[in-house]
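Okay, here's what each chain looks like letter by letter:
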Amino acid sequence: MLEITDDLPAAGAPPAPTPLADAVAAPSRANAEGPLVIIGSGHAGYGLAEAVRARDAEREIHVVTADDGGLYSKPALSNAFALGKDGEALLDESALSIERRLNLRVHAFCPVERIDAEAGRLHTRLGELNYGQLVLATGASPIRIAVEGEAGALLSVNDRGDYCEMRRRLDALGSTARVVIIGDGLIGCEFANDLAQAGHRVEVVGLAERPLPRLLPVAGSEVLQAALSRLGVNWHLSRSVAHVVAEGDGYRLTLTDGHQLEADLVVSAVGLVPNIGLARSAGIDCGRGIRVDDHLATSQPNIYALGDAIEIDGQLLPYLAPINVGLRALSATLTGSPTAVSYPLMPVMVKTPAAPVCVVVPPAQAEVSWRVTTTADGIEAGGYDASGRLVGVALVGESAMARRSDWVKACGQVQAA
């Protein structure tokens, strides 16, 4: 594996590979008494490593990652620009510091090529590594929409390297760049707020009729759209991008209705898809995500999964709160105390300061009717099922946020009953 030094290369710029050392004696088969290996250095991967280390000071732990192994908050990518943060400012801790603090080994710039579940072994770009227990914290990747022409013009910002590239381009363009954001969901709205607040001219293109259609009732979407419009955001909804052509130093976009937009930068924020290819090739049962049971175990012995890549009870849970709940339970399971995950009520927070949003998402199978109350600067809405039970909450605006705890508590009491 690569040795980590104080002089870590920049994100996305791997050094020349170093041959893999025999870090672990090869077992004849998967052995849960062997080292814990975690694939992925995001919040799920490092959070789990820290939780396991807190329970077991001696356990051998390896974190294998395709990037530089630096720790940073991925949710912070969508509101960092207006705060003036560059890629280095987003870095919370280097891989070397994590190695020293947690007494573990980080194998940076070491993408995993395949898993041999029967032998309990990883095959990586730099060699082989054996495991006793394996955790897949492989995250999710941006959805790539099909467009004609300059498809490479679409920049997805899903990691620190992507953010550095966006900052580089915008810094070169100046303070009033023309930015087109493709996507009217959570990430698209957060980027729209962040870049418009920083002074850029923002256009949002989305397939839905309104922003955040999967999270908010119509009245909530209207409040959010109006608040972002007051920042200067222009909306092109119920359509998508069909064609992109380079024009001068920028791009000309043709939408599916024939309308044209000019842009200096095009950001694609149409959603994420779980990274399941590695798991599927190892014979692990996958649906939309890596299927796990209530102990976060996959269909293969001694292999678990955590984070944005998992599917539990048919649901994807790509938010921090369920990851935090999961890593606490999984760390107990991996250290000898099998613990099922029990998810509490987990509100979703949307970082749109122009109109902050908090949502308790109703169960997917529930038929919900929303009862909306207008506030001084937004709405409060309760989602009720056919029997009149409060099963969801949607709050938009500062006034509604002041009553967030009351709404969430009320919804939680109903679900606990």
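Counting from 1, residues in each chain are numbered in the order their sequence is written. Under the rules for a predicted model, residues below a pLDDT of 70 receive no local features and side-chain atom pairs below 80 are neither given nor counted, while totals for whole chains, interfaces and linings still include all residues. Hydrogens are left out, water is left out, and the side-chain values use all remaining heavy atoms of the structure.

Student: Tell me about the overall build of the chain, and please be specific about residues and values.
Tutor: Secondary structure assignment for the chain yields ten helices and 29 strands. Its C-alpha radius of gyration of 23 Å places the chain within 12% of the 22 Å reference for a compact globule of 417 residues. The cut-offs for exposure are 20% and 50% of the maximum accessible area for each residue type, with area from a 1.4 Å probe on protein chains only; residues under the lower value are buried, those over the upper are exposed, and the others partly exposed. A burial count over the chain gives 50% of its 417 residues as buried. What makes two residues a contact is simply this: any of their non-hydrogen atoms within 4.5 Å. A sequence separation of at least 24 residues applies to 61% of the contacts in the chain between residues at least 6 apart. When the accessible surface of the chain is split by element, carbon and sulfur atoms take 48% of a total near 18400 Å². Helix numbers and strand numbers start at the N terminus; a helix is a DSSP run of H or I with at least 4 residues, a strand a run of E with at least 2. Within these notes, the globule rule equals 2.2 Å times the number of residues to the 0.38 power, and the radius of gyration is based on C-alpha atoms. Where accessible areas are quoted, they stem from the Shrake-Rupley method and a 1.4 Å probe; at the residue level, only the protein chains shown are allowed to cover.

Student: So what's going on with the pattern of salt bridges? Residues and values would help.
Tutor: Salt bridge, as used here: a side-chain nitrogen of Lys or Arg that lies within 4 Å of a carboxyl oxygen of Asp or Glu. Inspection of the entire model under this criterion finds 19 salt bridges. Here Glu165 makes a salt bridge to Arg169, at a shortest N to O gap of 2.8 Å. Within this pair, Glu165 and its partner Arg169 are both found in helix α4 (residues 160–173), separated by four residues, close to a single helical turn. Where Arg403 meets Glu380, a salt bridge forms, and the shortest distance between an N and an O atom there is 3.0 Å. Here the residue Arg403 occupies a position in the loop between α9 (398–401) and α10 (404–416), and Glu380 occupies one in strand β28 (residues 379–384), the gap between them amounting to 23 residues. In the salt-bridge network here, residues are joined through shared partners; they are Arg178, Glu247, Arg252, Glu262 and Asp264.

Student: Describe the pairing of strand β9 (residues 133–136), naming the residues involved and giving the relevant values.
Tutor: Across the two faces of β9 the burial is the same, with Gln133 and Val135 and Leu134 and Leu136 all buried. Pairing between strands is defined by DSSP: at least two bridges between the two strands are required. With four bridges joining them, strand β1 (residues 36–39) and β9 adopt parallel strand pairing. Within β9, the residue paired with Val37 across the bridge is Leu134.

Student: Explain the pairing of strand β7 (residues 121–124) to me, using residue names and the numbers behind them.
Tutor: Of the two faces of β7, both are covered, the one formed by Arg121 and His123 as well as the one formed by Leu122 and Thr124. Across four bridges, strand β6 (residues 112–116) lies against β7 in antiparallel orientation. If you follow Asp116 over to β7, its bridge partner there is Arg121. Here β6 folds back onto β7, and the loop between the two strands holds four residues, one of which, Gly120, carries a positive phi near 70°. By the bridge criterion, four bridges tie β7 to strand β8 (residues 127–130) in an arrangement that is antiparallel. Each bridged residue has a counterpart across the sheet, and for His123 the counterpart in β8 is Glu128. Counted between consecutive antiparallel strands, the loop separating β7 from β8 contains two residues.

Student: For the sheet that holds strand β25 (residues 348–350), give the residues involved together with the corresponding values.
Tutor: Read from one edge to the other, the open sheet built from five strands follows the order β25-β26-β29-β28-β27, with strand pairing classed as antiparallel. Two strands in the sheet have a free side with no partner beyond their single neighbour: β25 and β27 (369–374). Neighbour-to-neighbour, the strand axes of the sheet open up by a mean angle of 15°, direction not taken into account. Here six bridges tie β27 to β28, and the two strands are oriented antiparallel to one another. Along β28, the bridge assignment pairs Trp370 with Gly383. For helices, the fitted line uses only the C-alpha atoms of the stretch in contact; every axis is such a line through C-alpha atoms, and the angle between N-to-C directions lies from 0 to 180 degrees.

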